[in-house]
Amino acid sequence: MELKPLKQEIKSVKKAGKKEINSILSENKFVKQLFMNSLKFGLNRLMYISGFYLIFGLILAVTIPSIVGVGIALLIGVVVADIVLLTMSLPLLI
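Within each chain, residues carry numbers counting from 1 in the order of the written sequence. Given that the model is predicted, a residue must reach a pLDDT of at least 70 before its local features are reported, and side-chain atom pairs must reach 80 or more before they are shown or counted; all residues, however, enter totals for whole chains, interfaces and linings. With hydrogens and water set aside, each side-chain value is computed from the structure's full complement of heavy atoms.

### Section: the overall build of the chain
- Along its length, the chain carries three helices and zero strands.
- We count a stretch as a helix when DSSP gives it H or I for four or more residues in a row; a strand needs E for two or more, and each element gets its number in order from the N terminus. From first element to last, N terminus to C terminus, the chain shows the α and β order α-α-α.
- Looking at the 94 residues of the chain, the share that counts as buried comes to 11%.
- The criterion used for residue contact is that any of the two residues' heavy atoms lie within 4.5 Å. Intrachain contacts of the chain at a sequence separation of at least 6 include 45% that bridge at least 24 residues.
- Only the protein chains shown count as cover for residues, and the accessible areas themselves come from Shrake-Rupley with a 1.4 Å probe. Of the roughly 8000 Å² of accessible surface on the chain, a fraction of 73% belongs to carbon and sulfur atoms. Each residue's exposure class comes from its accessible area (1.4 Å probe, protein chains only) as a fraction of the maximum for that residue type: buried when under 20%, exposed when over 50%, partly exposed otherwise.

Structure (structure tokens):
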């Protein structure tokens, strides 16, 4: 079995599909606006929720010395989760 021609055919079909999707998105202003609105909503929600958890983690880390590790872990987890969510949501528009 030769897989090389099959791989090349799959790549060409993917490129054609991607070009078609890009052309539809560039012509359709409603889809662009929908993506922009959903991205703005997601970023606002991300900022409010992560701000709440960052403040909560900071309060835990400062006020309760016996569970400082929990507060610090919460702070680190929120920052990492923000980075992951942004890297997943931002490429939708690119």
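Moving on from the model shown.
### Some points on helix α2 (residues 29-63)
- Every helix has an expected span of 1.5 Å times one less than the residues it contains. For α2, which comprises 35 residues, the first-to-last C-alpha distance of 50 Å matches the rise-based estimate of 51 Å (1.5 Å per residue) to within 8%.
- The complete set of buried residues in α2 reads Val31, Leu39, Leu46, Ser50, Gly57, Leu60 and Ala61.

### Notes on the packing of aromatic side chains
- Here a pair means two rings of Phe, Tyr or Trp (six-membered ring of Trp) with centres within 6.5 Å. Their orientation is stacked below 30 degrees between planes, edge-to-face above 60, and tilted elsewhere. Following the criterion strictly, the structure yields two aromatic pairs and no others.
- Their ring planes at 15° and their centres at 6.4 Å tell us that Phe52 and Phe56 sit as a pair that is stacked. On the criterion of helical spacing, the pair formed by Phe52 and Phe56 is a turn pair, its members being four residues apart in helix α2.
- Phe56 gets classed as partly exposed once you look at its relative accessible area, which sits at 40%.
- A network of ring pairs unites the aromatic residues Phe52, Tyr53 and Phe56 as a single cluster.

### Some remarks on a nonpolar patch on the surface
- Like-charged residues within 9 Å of one another, or nonpolar side chains (Val, Leu, Ile, Met, Phe, Trp, Tyr) within 5 Å, are grouped into patches, provided each residue has over 30% relative accessible area and no salt bridge. Only one rule defines a salt bridge in this text: a Lys or Arg side-chain nitrogen within 4 Å of an Asp or Glu carboxyl oxygen. Taken together, the side chains of Ile72, Ile76, Val80, Val84, Leu85 and Met88 define a hydrophobic patch exposed on the protein surface, amounting to about 540 Å² of accessible area.
- Examined against the element boundaries, Leu85 turns out to sit in helix α3 (residues 68-89).
- Relative accessible area serves as the criterion here: at 41%, Leu85 is assigned to the partly exposed category.

### As for the side chain of Ser50
- Its location among the elements puts Ser50 in helix α2.
- Given the relative accessible area of 7%, Ser50 is considered buried.
- Here Ser50 is in contact with Val78 and Asp82, once residues within four sequence places are set aside.

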